[in-house]
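Okay, here's what each chain looks like letter by letter:
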Amino acid sequence: MEDVQKPAPRRVRIDHRQVRALAHPLRTRLLGALRVTGASTATTLAELLDTNTGATSYHLRQLAEVGLVVEEPDRGSGRQRWWRAAHDVTSWENTDFDDDPDARAAVEWLQTEQVRLFVEHAERWFAVRDQWSTEWRDAFGMSDVFLTIPATRLKELQAELLQILQRYHAEADPDAPDAEQVQVVLASHPLLMGQKR
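In this text, all values refer to a predicted model and were calculated from it rather than measured experimentally. (Residues numbered from 1 in each chain as written. Predicted model: local features only at pLDDT ≥ 70, side-chain atom pairs only at ≥ 80, totals over all residues. Heavy atoms only, no water.)

Peer 1: Just checking my understanding: could you explain the environment of leucine 162 for this structure?
Peer 2: Mapped onto the elements, leucine 162 comes out in helix H7 (residues 151–171). Taking the relative accessible area as the measure of exposure, leucine 162 reaches 39% and is therefore partly exposed. (Helix = DSSP H or I, 4+ residues; strand = E, 2+ residues; numbered from the N terminus. Buried < 20%, exposed > 50% of the residue type's maximum accessible area, 1.4 Å probe, protein only.)

Given below as structure tokens:
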């Protein structure tokens, strides 16, 4: 069998306009849904996210205005429009928005929303984990490691771990027997125990 290489993930380092547009609960959910499920219509996304088609259409257009989603005109028929995420990976540095208080507030909201969604997903998993096989229950989990390292080494560590995750993503076969969609979260935070900087 021929080894077919997946294309490299499409990336964007978001700018001030994009982060402000993305700092909205439905918009973050829409972009996430398009990345997980692939191209879709506003109607299908509204059903998936338990909202209405009008709101979904409006917010998809707002995301398109800043280049985070794009329309697929060849797939639509009549008034039905198909949308897809313009990028597979969104990134930024926390200091990218230091000169713009509105963008900084938007990225702070976005990071808080990511943590909230992670907790929500974890709670949904805990509620149904007994319905999964022992193999999957043992495969899922969390771990942490406490390190004392300089910021440059922490950035190196994150980059190396991200490369490993991207390699696994590129090698993933969704048609493999017993394959499931999973989310792996990479996070690092200071260990704040009464310390002040």
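Peer 1: Sorry if this is basic, but what is going on with unusual backbone geometry here?
Peer 2: Phi is mostly negative for residues that are not glycine, and the peptide bonds are mostly trans. You will see that aspartate 50, though not glycine, has its phi angle at about 55°, which is positive. On the secondary structure map, aspartate 50 appears in the loop between helix H3 (42–49) and helix H4 (53–65). You can call aspartate 50 exposed: its relative accessible area is 73%. With phi around 65°, aspartate 178 is a residue other than glycine that occupies positive phi space. Relative to the elements of secondary structure, aspartate 178 occurs in the segment after H7. Judged by its relative accessible area of 46%, aspartate 178 is partly exposed.

Peer 1: Sorry, what's going on with a negative patch on the surface here?
Peer 2: A cluster of acidic residues, Glu135, Asp138, Asp178 and Glu180, forms a negative patch on the protein surface. Checked against the element boundaries, aspartate 138 lands in helix H6 (residues 134–139). We classify aspartate 138 as exposed; its relative accessible area is 67%. (Patch = residues over 30% accessible without salt bridge, like charges linked within 9 Å, V, L, I, M, F, W, Y side chains within 5 Å. Areas by Shrake-Rupley, 256 points an atom, 1.4 Å probe, with all protein chains shown as cover. Salt bridge = Lys/Arg side-chain N within 4 Å of Asp/Glu carboxyl O. Lys, Arg positive; Asp, Glu negative; His and termini not counted. Charge placed at Lys NZ, Arg CZ, Asp CG, Glu CD.)

Peer 1: Explanation requested: the pairing of strand E4 (residues 82–85) in the structure shown.
Peer 2: The side chains of a regular strand alternate between the sheet's two faces. Looking at chain direction, strand E2 (residues 40–41) and E4 are connected through two bridges and run antiparallel. When the sheet's bridge partners are listed, serine 40 is paired in E4 with tryptophan 83. Both strand E3 (residues 69–71) and E4 contribute to a ladder of three bridges, which runs antiparallel. Note that in E4 the partner of glutamate 71 across the bridge is tryptophan 83. (Pairing = 2+ DSSP bridges.)

Peer 1: How should the pattern of salt bridges be read in this particular structure?
Peer 2: Pairs can form between side chains of opposite charge whenever their charged atoms are close. Following the criterion strictly, the structure yields eleven salt bridges and no others. Put simply, glutamate 71 and arginine 81 hold a salt bridge, and the shortest N to O gap is 2.9 Å. Of the two residues, glutamate 71 sits in strand E3 while arginine 81 sits in the loop between E3 and E4, which places them ten residues apart along the sequence. Across the pair arginine 75 and glutamate 72 runs a salt bridge, and its minimum N-O distance is 3.4 Å.

Peer 1: In this structure, what is going on with the sheet that holds E2? I would like to understand it.
Peer 2: Pairing between sheet strands relies on hydrogen bonds along the backbone, with the strands arranged either parallel or antiparallel. Strands sit in the order E2-E4-E3 across an open sheet of three strands; the sheet is antiparallel. Looking along the sheet, the strands with just one partner apiece sit at the ends: E2 and E3.

Peer 1: Mind showing me how you'd approach the packing of helix H2 (residues 25–37) against H4 here?
Peer 2: A pair of packed helices is captured by two measures, namely the crossing angle of their axes and the spacing between those axes. Two numbers describe how H2 lies on H4: the axes approach to 10 Å, and their chain directions differ by 80°. The orientation of H2 relative to H4 falls into the category roughly perpendicular. Packed against H2, whose contacting residues are Leu26, Arg27, Leu30, Leu31 and Leu34, the element H4 presents Ala55, Thr56, Tyr58, His59, Leu60, Gln62 and Leu63 at the interface. Each residue belonging to the contact of H2 with H4 can be placed in one class, and the counts come to eight nonpolar, three polar and one charged. (Axes fitted to C-alpha atoms, helices over the stretch in contact; angles between N-to-C directions. Parallel < 35°, antiparallel > 145°, perpendicular 65-115°, else oblique. Contact = heavy atoms within 4.5 Å. Nonpolar A, V, L, I, M, F, W, Y, C, P; charged D, E, K, R; others polar.)

Peer 1: Would you mind showing me how to read a nonpolar patch on the surface here?
Peer 2: A contiguous nonpolar patch, built from Val145, Leu147, Ile149, Leu157, Leu161, Leu162, Ile164, Leu165, Tyr168, Val182, Val184 and Leu186 and spanning about 1000 Å² of accessible area, is present on the exposed surface. You can see leucine 147 is positioned in the loop between H6 and H7.

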